[in-house]
Structures are given as structure tokens and as C-alpha cells.
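Examination of the molecular architecture
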Amino acid sequence: MVYFCSVIKLEKMKRVVVGLSGGVDSSVAAYLLKEQGYEVIGLFMKNWHDDSVTISNECPWLEDSNDALLVAEKLGIPFQTVDLSEQYQEKIVDYMFREYEKGRTPNPDVLCNREIKFDVFMKIALSLGADYVATGHYCRKGEVEVDSKPVYQLLAGVDGNKDQSYFLCQLSQEQLAKSLFPIGELTKPEVREIAAKMELVTAEKKDSQGLCFIGKVRLPEFLQQKLQPKDGLIFEIEASQDIYTKDKAEFDSLQEELAFEAASIPYAPEMGKVVGKHQGAHYFTKGQRKGLNVGGTAEPLFIIETDVENNIIYTGQGSHHPGLFKKALFVEKSEVHWIREDLALKNGETMEVMARIRYRQPLQKATLYQFENGLYVAFENPQSAITEGQFVSWHLGEELIGSGVIA
């Protein structure tokens, strides 16, 4: 008699490390993964030691790590804290100081994702035997096949109000391959509902508004640690100034025209009048309205340019001041990043896209122009406060395909 032995191959349970931040989103992400049958480990990132610049009772790291621990206990998952403050200091904080010093405005959240959560943190997770890293971001991951190989897509979150794909605009294929976004299909109210049903301590917790994983930080105090205050003048430029009304030059090439559209206006003190004083041009950013402490104007003053070299701030009245608007921006060749490398433009090529220059800005119609030295993004409509150092992202449908640092 012959016996046939049926061999059942049991697939090893996939291990996922969740970045538990002590907020409701990552708590629910961990719960959903556990429900889906993953082996889940909670890891809290400690990125900051200096409480002197945080607003102490608004989400200091200690309270967050306690909440993360309580969530892990409730879900019955292992929990660890990792101290990444050294790497955070070097990759994010020092970079921020350098950028502000140059008069640029960095985006620490985009950087934190690229350099910390999906790099340093991901490497730690993989060293713990993880197959994936998961976060509580409102975005989704898709997969298509190109030349018989899997290519990963970064897709907008279903909740249009909370879509956070912009913050992940610098991720690579390698990083996306190992990432999971469990709450991307949900809306914020649905996430809170799940947390309440599961009686998670974070269910009603307010969203943190501060720097990525530091808690709520007072930016001026934060910057003043390194960047010394120095008195300077605030000038107001009239909307009727000649520089806005002079005829457009003739251009020999499209590249020349785009360079003109993307260039900053060379303001000089004699174009305007002194309306106040400030404590350092490097503390301010284009498009900023608050913190100038200048009154007595018919409309609020907006910053239209900062001149860090000469420590001058140029302002204009009202949100429709012509000094706020530009039709194009430039991204240096080394700063152009394609998540979808298979769609990257070659020299001389163009692409119709939707683009945004800040988080939560509605997507804008634009055209990408790739040249030898970099990429121009030309918008159908002029954009307000295009800010050097921030990120522009470009999209096809609901997919974010690339991004770059505004030059």
C-alpha cells in the first residue's frame, strides 16, 4: 500500500515594525496590521532632547512615548524606544540651520521622512528582521509592472483633507518597496472611530503641529539657538512699482524665457520705503504675514523677498501683491528626484502634470521642462510665494511621481 503525504507549506508570518509616534494614526495603523495577521512590533523614535525650545505642555516626547507604550500594551505587541537624536541633529536640525542662514526655507517633515523614518529607522527595523516598516501616513502604495519588474507607486490618501503623500515625495523605490501605509484607505474620522472602539488612549488626542517627531517647537526660539539676532529694516514696495509693469523682454529660446519667469526680482531699498525693523532676515520666509509687527497699512503686509546678505526684508500690501507671484520655478539637476524612475524626463523632454509647492495646496496645472542643468516647472496660473528650499511635487492622476527642491 502506498501512502501519499500531503505537504502543507506554511508561509512565515510577515513581520512589520510600526513607527508608533504616540498619535492616533500610527496607533490605528498598528491595530489594522495586527488584524491583517502580521507580526507587529512598535518602535518609538526619540528624536529630540532639548525641552527648552519645545512648548512644554504641548506634546513633549515623554508624553508621546508613554502613549505609544500604552497603545502597544493594549494591542499586545512588543514595544521599544530608539534614540535617533544624534542622527536627527545631524541630518535635520543642522541642515535646517544652514538653510535658514542662506535665506532658504527648508521642509523638515519631507527630510525627516527621507533621512530618518525611511532610512535610519527603516535600517533598524530591517535589522530586527522586519519585512516591512509601517507608518500612520494618509497615503497609499500601488504596484505596476514595468519591463517584467515590480514598480511601486506613491498614491494620494483617500481622505482628500488629510492626504500626506507630499511629505513622502522624496522616497525611493527601495524605500517604498519596504513600506506599508495601513490607514491610507481611511478618513481621519474613521481612524478616530476605530481608535475609540478599541479604547486606545490616543483616540481623542489632538494632532501634533510641530516639527516632525520633536513635538511642538517654537521656530524662532529654535532658530535663535544658532542664528544670532541682528537688527535690520523692513521695506514696503508699492504694487505699482515700475519693476512689475515694464514690458517683457524678447527671448532667444524657451529655456531663456523659463529662466526669466523663475528668477527672483532683484529688489533694492530705493524701490520702496522703510516701514519697520526686524531682528534678522533669516528668521523670515516668503509669503509670511505674521510676526512683522508693522501696523497702520490699509492691507496686511506680506513678505515678498528676504535679502539675508544685506539683512533686509521686502514686503507688499495684500495677498494679491504682484511681488508674491511667479509663473515658474527651477530645480537643480542634482535635486530632481523621480519616484517613478521609469518616467524620468531626458534632456529636451516635457511632461504635462499637476503640481504643488506646499502641503495641502490644491494641485495646479503645470508643465515640466527638462534641460541639461535641471528642470523647470511652469504653471498655467501664477503661484503665490514660491519659496526656495521648499519642495515641489509633480503628479499624474492620484500618483505622486517625482519632486525636487526649489532653487
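Definitions and limits used
Residues numbered from 1 in each chain as written. Predicted model: local features only at pLDDT ≥ 70, side-chain atom pairs only at ≥ 80, totals over all residues. Heavy atoms only, no water. UniProt positions renumbered as here; feature names shortened; annotations may be inferred. Domains from an automatic or database assignment. Contact = heavy atoms within 4.5 Å. Buried area = accessible area lost by both parts, 1.4 Å probe. Salt bridge = Lys/Arg side-chain N within 4 Å of Asp/Glu carboxyl O. Polar contact = N/O pair within 3.5 Å; in protein donor to acceptor, adjacent residues only side chain to side chain. Nonpolar A, V, L, I, M, F, W, Y, C, P; charged D, E, K, R; others polar. Helix = DSSP H or I, 4+ residues; strand = E, 2+ residues; numbered from the N terminus. Buried < 20%, exposed > 50% of the residue type's maximum accessible area, 1.4 Å probe, protein only. Phe/Tyr/Trp six-rings, centres within 6.5 Å; stacked < 30°, edge-to-face > 60°. Bend = angle between axes of the 7 residues up to and from the residue. Axes fitted to C-alpha atoms, helices over the stretch in contact; angles between N-to-C directions. Parallel < 35°, antiparallel > 145°, perpendicular 65-115°, else oblique. Left-handed = near helix turned anticlockwise from the far one by under 90°. Pairing = 2+ DSSP bridges.

The protein carries the name tRNA-specific 2-thiouridylase MnmA in an unreviewed UniProt entry, which gives Flavobacterium endophyticum as its organism. The Sequence similarities (unreviewed entry) comment attached to the protein in UniProt states, word for word, "Belongs to the MnmA/TRMU family." On record in UniProt, under Catalytic activity (unreviewed entry), the comment for the protein is "S-sulfanyl-L-cysteinyl-[protein] + uridine(34) in tRNA + AH2 + ATP = 2-thiouridine(34) in tRNA + L-cysteinyl-[protein] + A + AMP + diphosphate + H(+)".

1. Some thoughts on the domain arrangement of the protein
How big an interface is tends to be reported as the loss of accessible area on association of its parts. Domain assignment breaks the protein into domain 1 (15–224), domain 2 (232–324) and domain 3 (325–406). Contact residues are listed per partner, giving 17 residues for domain 2 and 17 residues for domain 3. Summed over both sides, the interface between domain 2 and domain 3 buries roughly 1,300 Å², with carbon and sulfur atoms accounting for 58% of that surface. Remark: the boundary between domain 2 and domain 3 carries one salt bridge. Put simply, Lys-286 and Glu-388 hold a salt bridge, and the shortest N to O gap is 3.4 Å. Our enumeration of links across domain 2 and domain 3 arrives at six residue pairs in polar contact (both at pLDDT 80 or more). Partitioning the side of domain 2 that touches domain 3 into residue classes produces seven nonpolar, eight polar and two charged.

2. Here we look at the environment of Val-377
Checked against the element boundaries, Val-377 lands in strand E16 (residues 374–384). Judged by its relative accessible area of 0%, Val-377 falls in the buried class. Taking the C-alpha atoms as reference points, Val-377 and Ala-328, separated by 49 residues in sequence, lie 5.5 Å from one another. Here Val-377 is in contact with Lys-327, Ala-328, Leu-329, Ala-355, Ala-366, Thr-367, Leu-368 and Val-392, once residues within four sequence places are set aside.

3. Things to note about the UniProt feature "domain: tRNA-specific 2-thiouridylase MnmA-like central" (unreviewed entry) in the protein
UniProt records the feature "domain: tRNA-specific 2-thiouridylase MnmA-like central" (unreviewed entry) for residues 268–316 in the present numbering. A distance of 14 Å separates the end C-alpha atoms of residues 268–316, which is 0% helix and 37% strand.

4. Concerning the packing of aromatic side chains
One pair of aromatic rings is described through two measures. These are the centre distance and the angle between the planes. All chains considered together, the criterion is met by 10 aromatic pairs. Ring geometry for Phe-167 against Tyr-359: centres 4.4 Å apart, planes inclined by 40°, an arrangement best described as tilted. In this pair, Phe-167 sits in the loop between strand E6 (149–156) and helix H5 (173–177) while Tyr-359 sits in the loop between strand E14 (350–356) and strand E15 (364–371), placing the two residues 192 residues apart along the sequence. According to the relative accessible area criterion, Phe-167 is buried, its value standing at 12%. Considering the side-chain rings of Trp-338 and Trp-394, the 5.5 Å spacing of their centres and the 65° angle between planes classify their relative orientation as edge-to-face.

5. Topic: helix H4 (residues 108–127)
Approximately 30° is the largest bend angle found in H4, and it occurs at Phe-121. Most of H4 sits out of view: 14 of its 20 residues are buried. For H4, the capping residue at the N-terminal end is Asn-107, with a side-chain oxygen 3.1 Å from the backbone nitrogen of Asp-109. Gly-129, located one to two residues past H4, shows a positive phi value of around 85°.

6. Notes on the packing of helix H3 (residues 85–101) against H4
Relative orientation of the contacting elements H3 and H4 amounts to 160°, with a least axis distance of 10 Å. Between H3 and H4, the interaxial angle falls into the category roughly antiparallel. The crossing of H3 and H4 is right-handed. For the pair H3 and H4, the contacting residues are Gln-87, Tyr-88, Lys-91, Ile-92, Tyr-95 and Met-96 in the first and Pro-108, Leu-111, Cys-112, Glu-115, Ile-116, Asp-119 and Val-120 in the second.

7. Observations regarding the sheet that holds strand E11 (residues 312–317)
Pairing is mixed in the open sheet, where four strands are placed in the order E9-E8-E11-E10. At either margin of the open sheet sits one strand with a lone partner, and together these are strand E9 (273–278) and strand E10 (301–307). Direction aside, the axes of adjacent strands within the sheet are offset by 30° on average.

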